[in-house]
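# What the coordinates show
Here's the letter readout for the chains.
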Amino acid sequence: MTRLHNFCAGPAAMPTAVLERAREEMLDYRGQGLSVMEMSHRSPTFEAIAAQAERDLRDLLAIPDNYRVLFMQGGATLQFACVPLNLLGPGGTPNYLDTGIWSAKAIKEANHLAGAHIAGSTQGNGYVHVPRPDEIALSTDAAYLHYCHNETIGGLAYDYVPEVDVPLVCDMSSSILSAPLDVSRYGVIYAGAQKNIGPAGITVVIVRDDLLERALPQTPSLLGWKVYADNDSMINTPPTYAWYLAGLVFQWLKQDVGGLAEMEAINRRKCEALYAAIDASDFYANPIDPTNRSIMNVPFTLADEALNSTFLEEAESEGLLNLKGHRSVGGMRASLYNAVSEADVQALTTFMRDFERRRG
Ligand SMILES: Cc1ncc(COP(=O)(O)O)c(C=O)c1O
């Protein structure tokens, strides 16, 4: 068996130890005589799996008691609609920061319900940095401020948490669990699973409990956070196997990695090695202002675009997979999520130097 170097932006690499554990437990989960994917979500065994996953996530992120953790479906994209549906009940204007493609998608969804106010945007300079605190201007009747902590496609991340006196709502799909986090600064945090949490199919929503009463009356039951909070996220059949795998990832982070501070240190070493390789050469380039470079997603271009397909073909033959940039921007992108190891990054930087020497 060979596991190659997987730099996919999502669904992303999973920790090998998690897949091995899932394999061991696949046919007969701990003497129960059946697989987790075959058991009732209302069985005591699955309820214990679900509760343990929540406890481990709470431990990892030190989630305060006045926050609820919801396990939903529909990905982060469905949360683009859930955010205004669940927060605009008392009225007010949805406020958004615009830093690229994922924030734009969230804004588009809010516009279906109410005109969104753009409280800050760096579109004018090509999204190479995020709005500075003094460039954020909320509307007078702001209901909340939404931002995307890490723009997965642009490779752009906030280096600070905006301070506002309305609930702060954050799309952390591509950065959650990459480093410790002060949950108490936020009203709502949400993230699709398929980067740092587990396989696609489950979405984590962390919501302060006083915000559960603000849904618009027309909110469909399955899109209402309160319904999930009141039913332990089991209003209907949840994605049980994805939930179980997410739980294994949380245990891996706690036990094998040693927590999020340790994970952050590893992640920083990984991205610094790659940015150093890019910056040391005139052949590779990354346009993002160094203070806002993502630690998870590193886009880069080749000086000669005509070499893009050769780069990708040769990389793949070296076992370096999924380096093609997003179709909307081209170039390359290496996603360095938690399960991507320092050895994976080293294999990439070695290849990049070699490619430049031969083709540059
Ligand atoms: C930052 C960010 N937000 C939202 C999404 C959409 O997630 P999903 O495909 O789970 O709906 C993605 C997907 O890559 C993302 O990176």
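Structure shown above.
The text that follows walks through the structure, step by step, so that each part is easy to find. Note that this is a predicted model, so its numbers are computed, not measured.

## Focus on unusual backbone geometry
A negative phi angle is the norm for most residues apart from glycine, just as the trans form is the norm for most peptide bonds. Omega for the peptide link from glycine 10 to proline 11 comes to -5°, which places this bond in the cis form. You can see proline 11 is positioned in the loop between strand S1 (5-6) and helix H1 (16-25). The phi dihedral of serine 233 is positive, around 60°, even though this residue is not glycine. Tracing the chain through its elements places serine 233 in the loop between helix H5 (225-230) and helix H6 (240-257).

## Description of the sheet that holds strand S10 (residues 203-208)
If you trace the seven strands from one edge of the open sheet to the other, you get S2-S10-S9-S8-S5-S3-S4, paired in mixed fashion. With partners counted over all chains shown, the strands left at the sheet margins are strand S2 (67-72) and strand S4 (117-121), one partner each. Adjacent strand axes in the sheet meet at a mean angle of 20° when their direction is disregarded. Sheet strands touched by helix H3 (residues 75-87): S2, strand S3 (93-98), strand S5 (142-148), strand S8 (168-171), strand S9 (188-192) and S10. Its angle to S9, the strand with the most contacts, is close to 155°. Across the sheet, helix H4 (residues 101-113) is in contact with S3, S4, S5 and S8; its angle to S3 comes to roughly 165°.

## Here we look at the packing of aromatic side chains
Evaluation of the coordinates by the stated rule reveals 18 aromatic pairs. With centroids separated by 5.8 Å and ring planes inclined at 90°, the aromatic side chains of tyrosine 29 and tyrosine 244 adopt a geometry described as edge-to-face. Taken together, the residues span a long stretch of sequence, with tyrosine 29 in the loop between H1 and helix H2 (44-61) and tyrosine 244 in helix H6 at a distance of 215 residues. Ring centres 4.6 Å apart and planes at 70° place the aromatic pair tyrosine 147 and tyrosine 158 in the edge-to-face group. With tyrosine 147 in strand S5 and tyrosine 158 in the loop between strand S7 (156-157) and S8, the pair connects residues that are eleven residues apart, well separated along the chain. Since its relative accessible area comes to 0%, tyrosine 147 is described here as buried. Members of the aromatic cluster, each reached through a chain of ring pairs, are Phe283, Tyr284, Phe300, Phe311, Phe351 and Phe355.

## Focus: the pairing of strand S12 (residues 297-302)
Of all six residues that make up S12, five are buried, and the element is covered over most of its length. Examined bridge by bridge, S12 and strand S14 (residues 332-335) share four bridges and lie antiparallel to one another. What sits directly across from valine 298, in S14, is alanine 334.

Reading the values: rules and limits
Residues take numbers from 1 onward in each chain, read along the sequence in its written order. Side-chain atom pairs in this predicted model are given and counted only at pLDDT of 80 or more, local residue features only at pLDDT of at least 70, and totals for whole chains, interfaces and linings cover all residues. As a convention, hydrogens and water are excluded, and side-chain values are obtained from all of the structure's heavy atoms. Helix and strand definitions here come from DSSP, where helices need a minimum of 4 consecutive H or I residues and strands a minimum of 2 consecutive E residues; each element is numbered from the N-terminal end. Note on pairing: DSSP must find at least two bridges between two strands before they are called paired. Orientation is described by lines fitted to C-alpha atoms, with helices fitted over the stretch in contact, and by angles between N-to-C directions that extend from 0 to 180 degrees. Residues are treated as being in contact if the distance between any of their heavy atoms lies within 4.5 Å. We call Phe, Tyr and Trp rings a pair once their centres come within 6.5 Å, taking the six-membered ring for Trp, and we label the pair stacked below 30 degrees between planes, edge-to-face above 60, and tilted otherwise. Only protein chains enter the accessibility calculation, which uses a 1.4 Å probe; a residue whose area is less than 20% of its type maximum is buried, one above 50% is exposed, and one in between is partly exposed.

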